[in-house]
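# Descriptive analysis of the structure
Now for the letters of each chain:
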Amino acid sequence: NAGVTQTPKFRVLKTGQSMTLLCAQDMNHEYMYWYRQDPGMGLRLIHYSVGEGTTAKGEVPDGYNVSRLKKQNFLLGLESAAPSQTSVYFCASTPGGTFIRFFGPGTRLTVL
Amino acid sequence: ELKVEQNPLFLSMQEGKNYTIYCNYSTTSDRLYWYRQDPGKSLESLFVLLSNGAVKQEGRLMASLDTKARLSTLHITAAVHDLSATYFCAVDNTKTSYDKVIFGPGTSLSVIP
């Protein structure tokens, strides 16, 4: 099993550009999450999904959109990137139960 | 609102020494998690603690939970360099925790030979 994978690993954007981050998991997990990690702030939840076709807002959803058309994929979109969105983005999934998160390798995004 | 604090935020310790990382949280919690993150890497689950008095151990790490004090500890015994990483605790306070897990700021541990 590959576990949780993320594409791309690195990206540099200019202010106002758009992009989509892809998260894929092959563990048949129901729940998927997008977090951002900033120095000294731990991880903050952006959006999450409790199943195919469903999404919901987390702590810091502004400026991001998500979609989960297939159970194994969870996409995070930035429509008009801003420097404040410079961060490391982690995708995670969980089967439920104890809700232990399985994290992807991360995407390092820089917005100039 | 659930808040999670960790102490210390930075820890430098010598190999062979013992130390404890503390995780305090502000409201009643059903579950507490500990994760490890190596520099430039992703997060890896270490422990999940499900009830008051729970204790989990793996290798040189031992985690415990006191729900009455709203406190979890991660104890490091005879530290080795390989334990150098950032350790996060995360807490949830609902039965359906998919959206309510709050992460602490992390404790950056450096073990010096």
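Residues numbered from 1 in each chain as written. Chains lettered and ligands numbered in written order. Predicted model: local features only at pLDDT ≥ 70, side-chain atom pairs only at ≥ 80, totals over all residues. Heavy atoms only, no water.

## Structural notes on the pattern of salt bridges
All names here are of chain A. Tallied over the entire structure, the rule returns 5 salt bridges over all chains. In this structure, Lys71 engages Glu30 in a salt bridge whose closest nitrogen and oxygen atoms are separated by 2.8 Å. Here Glu30 lies in the loop between strand S3 (19–25) and strand S4 (31–37) and Lys71 lies in the loop between strand S7 (64–67) and strand S8 (73–78), a separation of 41 residues in the sequence. One salt bridge in this structure joins Asp38 and Arg44, with 2.8 Å as the shortest N-O distance. When its relative accessible area of 12% is taken as the criterion, Asp38 is described as buried. The network of salt bridges with common partners includes Arg36, Asp38 and Arg44. (Salt bridge = Lys/Arg side-chain N within 4 Å of Asp/Glu carboxyl O. Helix = DSSP H or I, 4+ residues; strand = E, 2+ residues; numbered from the N terminus. Buried < 20%, exposed > 50% of the residue type's maximum accessible area, 1.4 Å probe, protein only.)

## Section: the environment of A:Trp34
Residues and elements named next belong to chain A. By the element assignment, Trp34 lies in strand S4. For Trp34 and Ser49, which are 15 residues apart along the polypeptide, the C-alpha to C-alpha distance reads 9.0 Å. A distance of 3.3 Å separates a polar side-chain atom of Trp34 from the backbone oxygen of Phe74. (Polar contact = N/O pair within 3.5 Å; in protein donor to acceptor, adjacent residues only side chain to side chain.)

## Some remarks on the sheet that holds S7(A)
Residue and element names in this part refer to chain A. Within the open sheet, the 4 strands sit side by side as S1-S3-S8-S7. Their pairing is antiparallel. Only two strands of the sheet have a single partner each, and these edge strands are strand S1 (4–7) and S7. Neighbour-to-neighbour, the strand axes of the sheet open up by a mean angle of 20°, direction not taken into account. Relative to S3, S1 runs antiparallel, the two being bridged by 4 bridges. Looking at S3, one finds that Thr7 is bridged to Leu22. (Pairing = 2+ DSSP bridges. Axes fitted to C-alpha atoms, helices over the stretch in contact; angles between N-to-C directions.)

## A few points about the interface of chain A and chain B
Counting from both sides, the interface comprises 21 residues of chain A and, opposite them, 20 residues of chain B. Carbon and sulfur atoms make up 62% of the surface buried where chain A meets chain B, a total of about 1,600 Å² over both sides. By the criterion of area lost to chain B, the three top residues of chain A are A:Phe99, A:Arg101 and A:Phe103, representing 28% of everything that side buries. On the surface where chain A and chain B come into contact, there are 3 residue pairs in polar contact (both at pLDDT 80 or more). For the side of chain A that touches chain B, the secondary structure elements donating two or more residues are S4 and strand S5 (43–49) of chain A. When residues of the side of chain A that touches chain B are assigned to their parent elements, the largest contribution, 4 residues, is made by S4(A). Considered class by class, the residues forming the side of chain A that touches chain B number 13 nonpolar, 6 polar and 2 charged. (Contact = heavy atoms within 4.5 Å. Buried area = accessible area lost by both parts, 1.4 Å probe. Nonpolar A, V, L, I, M, F, W, Y, C, P; charged D, E, K, R; others polar.)

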